[in-house]
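Given next are the chains, with one letter for each unit.
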Amino acid sequence: MATTLKQRQVTNSTAQTARATVLIDLGNGDVNAMCRMPGTQKWVTAQFPSHVTLTPESNSDCLTLATAQGFKNFLVGRPAQAHPCSRTGSSAEGKVTNARALLIHALRQMIGFSADTIHADVIFTSPSVKAYGPQIAEQLTGKHSVGIPADAEVIESRATTHSVTIHTAIPQLEGYQAFKHIQSKVKGHATIIDIGNRTILLTQVSETGRILKRRAFDACGVYSLAERIVYRDSLAPRLKTPSPQSIINYLLDQAHGAEVIEQIAPDVAACMGEVLAAIDDDSARYIIGGGAKLPGIEQTLNAKVIKNPQWANLTALADAADQLLARAQR
């Protein structure tokens, strides 16, 4: 499912007056993030599964973070994926609950913890700025103590402690900024269909960029489609006793021909039925998000996939980051 942009490791330090700029798409399936260190215009990227879980383990894969019950060890991303209850998309509040751990893990992936202190401003995507934006911003903003446990089996391995200070956290709507990539092609208005792991977001935008209509469809995204395929055994005998995640990996990580498209077409149509019914005109339609790679999705929705659909929101935000931060810090 992952589509990774070329990465470049940056080791510059940050300061209260010279902060990193971080963009993070808090997806229910994958988290995408971009970071620009002070003094450079280059962006570093990271992508990982949106999983967070408490763990009794204590090794350098973990993050030690403060909780109401004291400091606890967390696994984030791929190490947490083995825990079936750790999916951010397993509940509507998952993005709020997991936001801090996901952001700190992204920072660790992009710039590391070679410095004891990291200062940053963050722009994050939210399904609803009013409903979720303030809650996520509260989780992210402020000073966070971060520990990296030692590896008991590694000679001279030592636990380390770091400080991450987020000075500004700005919410931006999911599935909207990507419009910048296709605005020059739009006459009248367009419909952007953001197919995520848990939800599908439908945003109708005028040719000037004004939102005309926006609607969220819950529990009909990629994971729900995969669960339906498992229940109906639609891909037998290609996959034996599959899990929803193995279905997702199979569908999104490789190209498929007409036979697979035909096999899952009833499932795709069922999951997209409510979305299609809500598009009440013949405006141009564009698909973004992780589900943009689903076999047959363009035909089902009569829509075109935007280039780099998983990164479309963040790359558009990268162009507007300085303006958004300047406006927020006035």
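Here's a quick rundown of the structure. (Residues numbered from 1 in each chain as written. Predicted model: local features only at pLDDT ≥ 70, side-chain atom pairs only at ≥ 80, totals over all residues. Heavy atoms only, no water.)

1. Thoughts on the overall build of the protein
Argument step 1. Across its full length, the protein carries seven helices and 14 strands.
Argument step 2. By the compact-globule yardstick of 20 Å for 330 residues, the protein fits well, its C-alpha radius of gyration being 20 Å.
Argument step 3. Its C-alpha atoms put the protein at 60 × 50 × 35 Å along the principal axes.
Argument step 4. Considering only contacts in the protein between residues 6 or more positions apart, those separated by 24 or more positions represent 64%.
Argument step 5. When the accessible area of the protein is evaluated, it comes to approximately 15,300 Å², of which 49% is carbon and sulfur surface.
Argument step 6. The centroid of the 32 positive side-chain charges in the protein is displaced by 6 Å from the centroid of its 28 negative side-chain charges. (Helix = DSSP H or I, 4+ residues; strand = E, 2+ residues; numbered from the N terminus. Rg over C-alpha atoms; globule rule 2.2 N^0.38 Å. Contact = heavy atoms within 4.5 Å. Areas by Shrake-Rupley, 256 points an atom, 1.4 Å probe, with all protein chains shown as cover. Lys, Arg positive; Asp, Glu negative; His and termini not counted. Charge placed at Lys NZ, Arg CZ, Asp CG, Glu CD.)

2. A closer look at the pairing of strand β7 (residues 117-126)
Argument step 1. Of all ten residues making up β7, nine are buried, and the element is well covered by its neighbours.
Argument step 2. Across five bridges, the pairing between strand β1 (residues 20-26) and β7 is parallel. Opposite leucine 23, over in β7, you have isoleucine 123 as the bridge partner.
Argument step 3. Sheet analysis places β7 next to strand β9 (residues 160-173), joined by ten bridges and oriented parallel. By the bridge assignment for β9, isoleucine 118 is matched with valine 164. (Buried < 20%, exposed > 50% of the residue type's maximum accessible area, 1.4 Å probe, protein only. Pairing = 2+ DSSP bridges.)

3. Remarks on the sheet that holds strand β10 (residues 189-195)
Argument step 1. With mixed pairing, the five strands of this open sheet are ordered in space as β12-β11-β10-β13-β14. Whereas interior strands pair on both sides, the edge strands pair on one side only; in this sheet they are β12 (211-218) and β14 (304-305).
Argument step 2. Of the strand pairs in this sheet, β10 and strand β13 (residues 284-288) are connected by five bridges, and their pairing is parallel. Bridge pairing in β13 places threonine 191 opposite arginine 285.

Purely geometric numbers; function is a separate question.
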